[in-house]
Amino acid sequence: MLQNLRPVEPCSSVQVLAELDPTKCGVGAVEEEMKNPYYTITPAGERMIDRTAVAKDMILFVAVPSYKECKSEFSQALTLLGEFLTANRIRHLVHFHRGDSVPDMARNMCVAEFLRRKDCNRMLWLDDDLYWPSPDVLLRYLALDQDVIGGNYPKKMLFWDKLWNAIVTTPELAQLPMRDGIRLLKNAAVEMTAKAKPGGRRIEKLVEADRLPGGFTLVKRDVYEQIAAARPDIKYSLGNGDPINEHLFAFYRHVIKDGEWLGEDYYFSELARACGLTLWKDDETEIAHIGTYVYTGDPTR
């Protein structure tokens, strides 16, 4: 059943040390055959997810860092996800971290709550301004059993120059079916958030990534444990007696690296890769990033 844990009070101060020095390894692009206990072969020779095995081994902690309110589309998708997990007997709970305006702090508090609960072994990040079309995608993520798997979605901004360039450089645009033409222009006008690793590996419909956004991401428990063990310098405290302090690490923070501003999710990506962990970008699931748009028009028309 879906369950809300107690709300965690936002913290006001933090002391974080250390900068990043991620290791890099050049791995050639290769399509890898997946072999793990969460897939089975049917009598017809088809490869299918073993839902019983997934339900037996996985205990999911769903983290929703939410400053004020959730988008209605997100609420609908979360409800369907809860029903899907329950129907497939996948044990889970949902944790909302409310009222924290600093994304770094909200995410670190969510991870601390996850680590505090020794029974949970997978953490699913869901940002409250996202919408995904089907809960089935999570079953695929769980069965693939990788360190970190993240969905890819657009930034909440339109790049009109890229849209114009697509129009003037695609002579066959007028001959395309309307649906295909609209999709081409829509994709031209946005920039996606996940960054594939040049020459990275491929597994199923996953692509090895250098950086992932944090809004729709499945992370194994030992990912955080390995980073914490390798980087004791990122341990911090709220400066009070809250037991949550035992599990607080700056897995997420904003930094400037080589003159580039890194958001907290990109920082985590580099931190994980520096510890020898692998990130995977989902190239199959289309995820919507819900924002606002100001509509203007020519008043003489």
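Residue numbers here run from 1 along each chain, matching the order of that chain's written sequence. Predicted model: local features are reported for residues with pLDDT of at least 70 only, side-chain atom pairs are reported and counted for 80 or more only, and whole-chain, interface and lining totals are derived from all residues. The side-chain numbers reported here are obtained from all heavy atoms of the structure, hydrogens and water having been left aside.

A. Summary view of the side chain of aspartate 147. Looking at the element boundaries, aspartate 147 is found in the loop between helix 4 (136-144) and strand 8 (148-150). One buried charged residue, aspartate 147, forms no salt bridge at all, with the nearest opposite charge on lysine 220 at 4.8 Å. At 3.1 Å, the side chain of aspartate 147 and the backbone nitrogen of threonine 278 are in polar contact. The helix and strand labels rest on DSSP assignments: H or I over at least four residues marks a helix, E over at least two residues marks a strand, and numbering proceeds from the N terminus. The buried label applies to any residue whose accessible area, calculated with a 1.4 Å probe on protein chains only, is under 20% of its type's maximum; exposed applies above 50%, and partly exposed to all values in between. In this tally Asp and Glu are treated as negative and Lys and Arg as positive; neither His nor the chain ends contributes. Salt bridge, as used here, is a side-chain nitrogen of Lys or Arg placed within 4 Å of a carboxyl oxygen of Asp or Glu. Here a polar contact means two N or O atoms within 3.5 Å. Within protein one must be a hydrogen donor candidate and the other an acceptor candidate, and residues neighboring in sequence count only if both atoms are side-chain atoms.

B. Here's a closer look at the pairing of strand 5 (residues 91-98). Within strand 5, six of the eight residues are buried, which leaves the element mostly enclosed by the surrounding structure. Two strands pair when backbone bridges link them, and strand 4 (residues 59-66) and strand 5 are joined in this way by eight bridges, in the parallel orientation. In the strand pairing of strand 5, proline 65 is matched with histidine 97. Since strand 4 and strand 5 lie parallel, the crossover through helix 2 (residues 72-87) that links them has a hand, and here it is right-handed. At least two DSSP bridges between two strands are required for those strands to pair. Looking down the strands as they point away from you, a crossover is right-handed if its path from the first strand over the helix to the second goes clockwise.

C. Fine view of empty space enclosed by the protein. A cavity, in this analysis, means grid points on a 1 Å lattice covering only the protein atoms where a 1.4 Å probe fits yet has no way out; a pocket is instead an open set bounded by protein on both sides within 12 Å along at least five of seven lines, and a residue lines either one if it has an atom within 4 Å of a point. Grid points are joined across faces, edges and corners, and a volume is the space filled by probe spheres set on the points. Here the structure, examined in full by the defined rule, presents two cavities of 30 Å³ or more. Of the voids in this model, the largest cavity is the one considered here, and its volume is about 70 Å³. Lining the largest cavity are Trp125, Val148, Leu212, Pro213, Gly214, Thr217, Val219, Tyr252, Asp265, Phe268, Ser269 and Leu279. Among the secondary structure elements, those contributing two or more residues to the lining of the largest cavity are strand 12 (216-220) and helix 8 (264-274). If one sorts the elements of the lining of the largest cavity by residue count, helix 8 sits on top with three residues. Roughly 40 Å³ of internal volume is contained in the second largest cavity. Along its surface, the second largest cavity is lined by Ala77, Leu80, Leu81, Tyr131, Trp132, Pro133, Ser134 and Pro135.

D. Focus on the nonpolar core. In terms of nonpolar packing, the biggest core is built from 41 residues, with Met123, Trp125, Tyr224, Ile227, Phe251 and Phe268 touching the most fellow members. Examining the composition of this core, we find that seven residues originate from one element, helix 3 (residues 103-116), more than from any other. Residue contacts follow a heavy-atom distance rule, with two residues in contact if any of their heavy atoms lie within 4.5 Å. Among residues more than four places away in sequence, those in contact with tryptophan 125 are Ala63, Pro65, Arg107, Cys110, Val111, Gly214, Gly215, Phe216, Thr217, Val219, Tyr224 and Tyr252. Nonpolar core, defined: a set of buried Ala, Val, Leu, Ile, Met, Phe, Trp, Tyr and Cys residues in which side-chain atoms within 4.5 Å join the residues together. By size, the runner-up hydrophobic cluster in this structure holds 37 residues, among which are Ala53, Ala77, Leu138 and Leu206.

E. Region of interest: the packing of helix 7 (residues 221-230) against helix 8. Running from N to C, helix 7 and helix 8 point in directions that differ by 75°, and their axes come no closer than 10 Å. By the angle class used here, helix 7 and helix 8 are roughly perpendicular. Seen from helix 7, the contacting residues are Val223, Tyr224 and Ile227; seen from helix 8, they are Phe268, Leu271 and Ala272. The residue classification treats Ala, Val, Leu, Ile, Met, Phe, Trp, Tyr, Cys and Pro as nonpolar and Asp, Glu, Lys and Arg as charged. All others, Gly included, are polar. Residues that form the contact of helix 7 with helix 8 fall into these classes: six nonpolar, no polar and no charged. With axes taken as lines fitted to C-alpha atoms, and helix axes fitted only over the stretch in contact, angles between N-to-C directions fall between 0 and 180 degrees. If an angle is under 35 degrees, it is roughly parallel; if it is over 145, roughly antiparallel; if it lies from 65 to 115, roughly perpendicular; otherwise it is oblique.

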